[in-house]
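# Chains, contacts and geometry: an overview
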Amino acid sequence: AAKTAGGDRFVFYTREMTDRAEIRLRLESGLREAVAARSFELVYQPKIEAASGRLTGFEALIRWRHEGAAISPADFIPVAEDTGLIIEIGRWVLEEACRTATRWALDHGPVPVAVNVSARQLADPGFSRLVEQVLQRHGTPARLLELEITETVIMKDVRHHLPTLNRLRALGVRIAIDDFGTGYSSLAYLRQLPVDVLKIDRSFVNDLPHAPDIASTVLALAQRLLLSTVAEGVETAEQRHWLAEAGCDVLQGYLISRPLAAEAAEAMVMTAFARDEALPLSA
Ligand code: C2E
Ligand code: MG
Ligand code: MG
Ligand code: MG
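Scope of this entry: the structure provided in the associated data block. No experiment lies behind these values; they were computed from the predicted model shown.

What follows deals with the side chain of glutamate 59. Looking at the element boundaries, glutamate 59 is found in strand β2 (residues 55-66). Exposure remark for glutamate 59: the relative accessible area of 6% places this residue in the buried category. There is a polar contact of 2.8 Å between the side chain of glutamate 59 and the side chain of glutamine 252. With residues near it in sequence (within four places) discarded, glutamate 59 still touches Val43, Tyr44, Gln45, Lys47, Ala114, Asn116, Glu148, Asp178, Lys199 and Gln252.

Bound to the magnesium ion (ligand 2) are the protein donor atoms Glu59 (OE), Asn116 (OD1), Glu148 (OE) and Asp178 (OD), situated 2.0 to 2.2 Å from the metal. Sequence spacing among the residues donating to the magnesium ion (ligand 2) works out to E-x56-N-x31-E-x29-D. For the pair the magnesium ion (ligand 2) and the magnesium ion (ligand 3), the metal-to-metal distance amounts to 3.7 Å, and aspartate 178 bridges them. Residue glutamate 59 is located in strand β2, and its partner aspartate 178 is located in strand β6 (residues 174-180); the two are separated by 119 residues in the primary sequence.

Within the largest apolar cluster, 80 residues are counted, with the highest numbers of intra-cluster contacts made by Phe40, Leu147 and Leu193. Counting residues per element, this core draws most heavily on helix α3 (residues 86-107), at nine residues. Once residues within four sequence positions are removed from consideration, leucine 193 is found in contact with Ile154, Met155, Val158, Leu162, Leu165 and Ile177.

Further remarks concern the packing of aromatic side chains. This model, assessed by the stated rule, comprises six aromatic pairs. Aromatic pair phenylalanine 40 and tryptophan 92: ring centres 6.1 Å apart, planes at 45°, arrangement tilted. Linking phenylalanine 40 in strand β1 (residues 40-49) with tryptophan 92 in helix α3, this pair joins segments that are 52 residues apart in sequence. When its relative accessible area of 9% is taken as the criterion, phenylalanine 40 is described as buried. On the basis of relative accessibility, which here comes to 14%, the residue tryptophan 92 falls in the buried class. Over the face of the ring belonging to tyrosine 254 we find arginine 258, whose NZ or CZ atom lies 3.7 Å from the ring centre.

What counts as what
- Residues numbered from 1 in each chain as written.
- Chains lettered and ligands numbered in written order.
- Predicted model: local features only at pLDDT ≥ 70, side-chain atom pairs only at ≥ 80, totals over all residues.
- Heavy atoms only, no water.
- Helix = DSSP H or I, 4+ residues; strand = E, 2+ residues; numbered from the N terminus.
- Buried < 20%, exposed > 50% of the residue type's maximum accessible area, 1.4 Å probe, protein only.
- Polar contact = N/O pair within 3.5 Å; in protein donor to acceptor, adjacent residues only side chain to side chain.
- Contact = heavy atoms within 4.5 Å.
- Donors = N, O, S within 2.8 Å, 3.2 Å for Na, K, Ca; no water.
- Core = buried A, V, L, I, M, F, W, Y, C linked by side-chain atoms within 4.5 Å.
- Phe/Tyr/Trp six-rings, centres within 6.5 Å; stacked < 30°, edge-to-face > 60°.
- Lys NZ or Arg CZ within 6 Å of the ring centre and 35° of its normal.

What follows is the structure, given as structure tokens:
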């Protein structure tokens, strides 16, 4: 009986594995086609100054429709990473975001756009050169580009990434540590890193206002190191209120706005500049 049960389990397990491998293979070949056809899209989620509500910038987020369904970047970015397709996808994201930032700056006024950078992109020896070339090609002032790198990616190999981060920073690009608080940053490491912004991970914002320990700690740390702070995933008025009171600089989340298609984001930029409500860029 035990043997049968074991056998059944084995059969069940392999079938599940096969299904998963199949899904994965279809995702992979779909991704390859999408890369060739450039069939991705960027949406833009606004960020506002906590104290005033003024627009401070956007985060560009990739979208992909495959076989009629929207696939979450949380599902396909890891596959793109494993296959190396992320290099080309990441280059497209960078180009598209810079093209958009330049157009908005010319038509309305300068608004920074943040782009997410994955582990493999950052580790690519040509990455900082690529960023420089893309900025040049699109005539994008470097201060309009912010690069978001997750804490775990930076901290996994700080010494290896440091020269790249320094080169990017020297270009005038701003660097944000994304999903901050989920990794293992030590104060000592953080102090050496050429970064400008800490983004408090959504999970800690979600704990507000009842369990504010981590958010408080991150805000205190940022103040100490003169880094600017962004809270991601702000969904309630209570969270917004707590964060503004605690001195968090910038807010981002569904409460303020969902990620928007380029045209809707542009309308927001236009309105902000028409009403003189965009935040002036620091030099
Ligand atoms: P992330 O960079 O931490 O982006 C924040 C994610 O939280 C986005 O999910 C955003 O839509 C979502 N979000 C924003 N506000 C709220 C909120 O109030 N509540 C909730 N529940 N969620 C909120 P999205 O767009 O699905 O992206 C997921 C992750 O995929 C991103 O996390 C980022 O790590 C990665 N990603 C997205 N676009 C790109 C890209 O162009 N390149 C790379 N390398 N990674 C990307
Ligand atoms: Mg991000
Ligand atoms: Mg994040
Ligand atoms: Mg996050």
